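Listed below are the residues making up each chain.
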Amino acid sequence: MLTLYNTMSRQKEPFTPLHPGEIRMYVCGPTVYNYIHIGNARSAIAFDTIRRYFEYRGYHVTYVSNFTDVDDKIINAAHETGEAPLDLAQRFIDAFMEDTTALGIEPATAHPRASQMIPDIIDFVQDLVAKGYAYAVDGDVYYRARKFKHYGELSHQNVDELEEGASQHITQEELAKKEDPIDFALWKAAKPGEISWDSPWGKGRPGWHIECSVMSTQLLGDTFDIHGGGQDLEFPHHENEIAQSESKTGKQFVRYWMHNGFVTIGEDDEKMSKSLGNFITVHDILKTVDPQVLRFFMAGTQYRMPIRYSDANLKNAANSLNRLKIARENLVYRRDNAVPGVDPKITEQLQTLKDQFITAMDDDVNVQNGLTVLFDLAKLLNEYANEDTVKRESLDDLLNLYDAWLQIFGVVFADQTNLDADIDALVKARDVARAAKDFAKSDQIRDQLAAQGIILEDTPQGTRWRRK
Ligand SMILES: [Zn+2]
């Protein structure tokens, strides 16, 4: 049974989705004022790996991840470059998509942006004001945190402790406006010359926390299965999301909270973040590191564990990846030269490994243990690559399982798999032509495949293909 560690309860819980067979998840995305740093990449890779595992387990996954494209940092960066803030944000959204594609991260089902949700954000804030959970002061709107009785539950802090913490950081100006130091901004009045939208409280822009409440509930429903993000977002960001959403809907907001660990670097394992100034952008790393190696390196640590970024660890990942690649190449060669038929022994071995893999990964997506089973499978590939009596269909099963597991870790050995996908597509196109009695076209596709050394066999179950 799939179990996930829920930050809310601080323990592993059996996972059951709200809608059978379906998982709806939301993961906080980056503020797009620069190239993503390696900490952002870790979060994106961790949740992409989790998503792919859910899909492997047969769930239909709706995955939403936002872009914060309205924010002080963007306004400041745009001021320096002389661009319009939304143009600068678009430039870094494009860069994000480019970097994450290189890392083998699937695009989200939806990537909503704050700037495109302003009317919905204003409605949401108005509703909170009407319910007495928010108040307007001089064009700002604040959330009355103490009024929400579960405030502090996610981060396991009580409001009085929070108030003491907040009092130390608050400015005199904020203190004058807020009823309570722990209250937080839902809407901010525009400063002269700043990007802004009209609202019932005058010209302004949304605070950061509100966009995630609005986007997630709009796209996934008032209650959804999983909310993810980096550990550093637990407080105040996710605490505030819960307060906003639950006080508006009166329902549970999120059923499982998942937080990924940090990336550390250097000898003292400092948390990598922009504020420490030791961050590295993915854009820079990929100038010298193979994106597949970076992906595999990061996907190989369970999402809650810290990752130590170092050249030595990258090198280890590159070596492991190479071993996996060679095992595949060897077996593909054997498969292409094997006689038809099924080997019951292999069927049995694969079932045992499958059970082991699922047991490992169902335990809070324990990728380290999952990888151990993947390497056991690679060992089997190497063994059978040296046996010339094994049957082709069993070797196909072996390869299919191997590819399915590799994909969970974002690994696709391009030369081989793309080629196979191209051939599959042509074989399908030929079947369609034959069904339509377009024999000229089906013969032409057969010739084209024959030229690539592909032999077709028409069986009652459809067309199979193999290499000469
Ligand atoms: Zn968020």
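First, a word on scope: everything that follows refers to the structure included in this document. Here the structure is a predicted model, which means the values were calculated and not measured.

1. Some thoughts on the overall build of the protein
Now for step 1: In terms of helices and strands, the protein carries 16 helices and 15 strands.
Now for step 2: Structurally, the protein occupies a C-alpha span of about 80 × 50 × 45 Å along its principal axes.
Now for step 3: The buried share among the 468 residues of the protein stands at 52%.
Now for step 4: Counting only contacts in the protein whose residues sit at least 6 apart along the sequence, the fraction spanning at least 24 positions is 76%.
Now for step 5: Counting every atom, the protein has about 21,400 Å² of accessible surface; 49% of that belongs to carbon and sulfur.
Now for step 6: Computed over 51 positive and 72 negative side-chain charges, the separation of the two mean positions in the protein equals 5 Å.

2. A word on the coordination of the zinc ion
Geometry sets the ideal angles at a metal, namely 109.5 degrees for four tetrahedral donors and 90 or 180 degrees for six octahedral donors.
Now for step 1: Protein-derived coordination of the zinc ion comes from C28 (SG), C212 (SG) and H237 (NE2), at a distance range of 2.0 to 2.2 Å.
Now for step 2: For C28, a relative accessible area of 10% puts it in the buried group.
Now for step 3: Among the residues examined, H237 registers a relative accessible area of 1% and is labelled buried.

3. Observations concerning helix 4 (residues 118–130)
Every α-helical turn comprises 3.6 residues, leaving residues that sit three or four positions apart pointing alike.
Now for step 1: In this model helix 4 runs 18 Å from its N-terminal to its C-terminal C-alpha over 13 residues, within 8% of the 18 Å that 1.5 Å per residue would give.
Now for step 2: Listing the buried residues of helix 4 in full gives I118, I121, I122, F124, V125 and L128. Down the axis, helix 4 shows its buried residues gathered within 160° of arc, on one side only. Across from the buried face of helix 4, at angles greater than 90 degrees, the exposed residues are P119 and A130.
Now for step 3: Phi turns positive, to about 85°, at G132, one or two residues after helix 4.

4. What about empty space enclosed by the protein?
Now for step 1: By the definition in use, this model includes three cavities of 30 Å³ or more.
Now for step 2: Taken as a whole, the largest cavity spans an internal volume of roughly 60 Å³.
Now for step 3: If you go around the largest cavity, the residues you meet are R42, A46, T49, I50, M298, A299, T301, Q302, Y303, V365 and V367.
Now for step 4: Of all the secondary structure elements, the ones that give two or more residues to the lining of the largest cavity are helix 1 (38–56) and helix 10 (291–299).
Now for step 5: Examining the composition of the lining of the largest cavity, we find that four residues originate from one element, helix 1, more than from any other.
Now for step 6: When the residues that make up the lining of the largest cavity are grouped by side-chain class, the tally is seven nonpolar, three polar and one charged.

5. Details of the pattern of salt bridges
Now for step 1: Applying the stated criterion to the full structure yields 31 salt bridges.
Now for step 2: Among the salt bridges present, the one from E234 reaches R10, with a minimum N-O distance of 3.3 Å. Of the two residues, E234 is situated in helix 8 (residues 234–249) and R10 in the loop between strand 1 (3–6) and strand 2 (11–14); the sequence distance between them amounts to 224 residues.
Now for step 3: A salt bridge links R146 to D160; the nearest nitrogen and oxygen atoms lie 3.2 Å apart.

6. A short note on the sheet that holds strand 5 (residues 134–137)
Now for step 1: Pairing is antiparallel across the open sheet formed by four strands, whose spatial order is 5-6-7-8. On the outer flanks of this sheet lie strand 5 and strand 8 (204–206), each paired with one strand and no other. With strand direction ignored, the average angle separating the axes of adjacent strands in the sheet is 20°.
Now for step 2: In the sheet, strand 5 pairs with strand 6 (residues 140–143) via four bridges, with the strands oriented antiparallel. Across the sheet, Y135 pairs through a bridge with Y142, a residue of strand 6.
Now for step 3: Seen against the sheet, helix 4 touches strand 5, strand 6, strand 7 (184–189) and strand 8 and runs at an angle of roughly 125° to strand 7.

7. Describing the nonpolar core
Now for step 1: Ranked by internal contacts, the top residues of the largest apolar core, which has 89 residues, are F54, L294, L377 and F409.
Now for step 2: When residues of this core are assigned to their parent elements, the largest contribution, 11 residues, is made by helix 13 (residues 367–385).
Now for step 3: Residues lining this core come from more than one domain, with at least three contributed by each of domain 1 (1–290) and domain 2 (309–407).
Now for step 4: Formed by 41 residues, the second largest nonpolar core is a distinct cluster that contains L154, I242, F253 and W257.

8. Looking at the layout of surface pockets
Now for step 1: Its volume calculated, the second largest pocket comes out at about 540 Å³.
Now for step 2: Forming the boundary of the second largest pocket are 24 residues, of which R335, D396, N400, D424 and W465 lie nearest the centre.
Now for step 3: Sorting the residues of the lining of the second largest pocket by element identifies helix 11 (311–336), helix 14 (392–408), helix 15 (414–435), strand 14 (454–459) and strand 15 (462–467) as the ones contributing at least two each.
Now for step 4: Classifying every residue of the lining of the second largest pocket by side-chain character gives five nonpolar, six polar and 13 charged.
Now for step 5: A domain split of the lining of the second largest pocket shows at least three residues from each of domain 2 (309–407) and domain 3 (418–465).

9. Describing the environment of D336
Now for step 1: With respect to the element layout, D336 can be found in helix 11.
Now for step 2: By relative accessible area, which is 15% here, D336 ends up buried.
Now for step 3: Taking the C-alpha atoms as reference points, D336 and E80, separated by 256 residues in sequence, lie 59 Å from one another.
Now for step 4: Within polar-contact distance, the side chain of D336 engages the side chain of R335 at 2.8 Å.

Thresholds, definitions, all that
- Residues numbered from 1 in each chain as written.
- Predicted model: local features only at pLDDT ≥ 70, side-chain atom pairs only at ≥ 80, totals over all residues.
- Heavy atoms only, no water.
- Helix = DSSP H or I, 4+ residues; strand = E, 2+ residues; numbered from the N terminus.
- Buried < 20%, exposed > 50% of the residue type's maximum accessible area, 1.4 Å probe, protein only.
- Contact = heavy atoms within 4.5 Å.
- Areas by Shrake-Rupley, 256 points an atom, 1.4 Å probe, with all protein chains shown as cover.
- Lys, Arg positive; Asp, Glu negative; His and termini not counted.
- Charge placed at Lys NZ, Arg CZ, Asp CG, Glu CD.
- Donors = N, O, S within 2.8 Å, 3.2 Å for Na, K, Ca; no water.
- Expected span 1.5 Å × (residues − 1).
- Arc of directions from axis to C-beta.
- 1 Å grid on protein atoms, 1.4 Å probe; cavity = no way out; pocket = protein on both sides within 12 Å on 5 of 7 lines; lining within 4 Å.
- Points joined across faces, edges and corners; volume = space filled by probe spheres on them.
- Nonpolar A, V, L, I, M, F, W, Y, C, P; charged D, E, K, R; others polar.
- Salt bridge = Lys/Arg side-chain N within 4 Å of Asp/Glu carboxyl O.
- Pairing = 2+ DSSP bridges.
- Axes fitted to C-alpha atoms, helices over the stretch in contact; angles between N-to-C directions.
- Core = buried A, V, L, I, M, F, W, Y, C linked by side-chain atoms within 4.5 Å.
- Domains from an automatic or database assignment.
- Polar contact = N/O pair within 3.5 Å; in protein donor to acceptor, adjacent residues only side chain to side chain.

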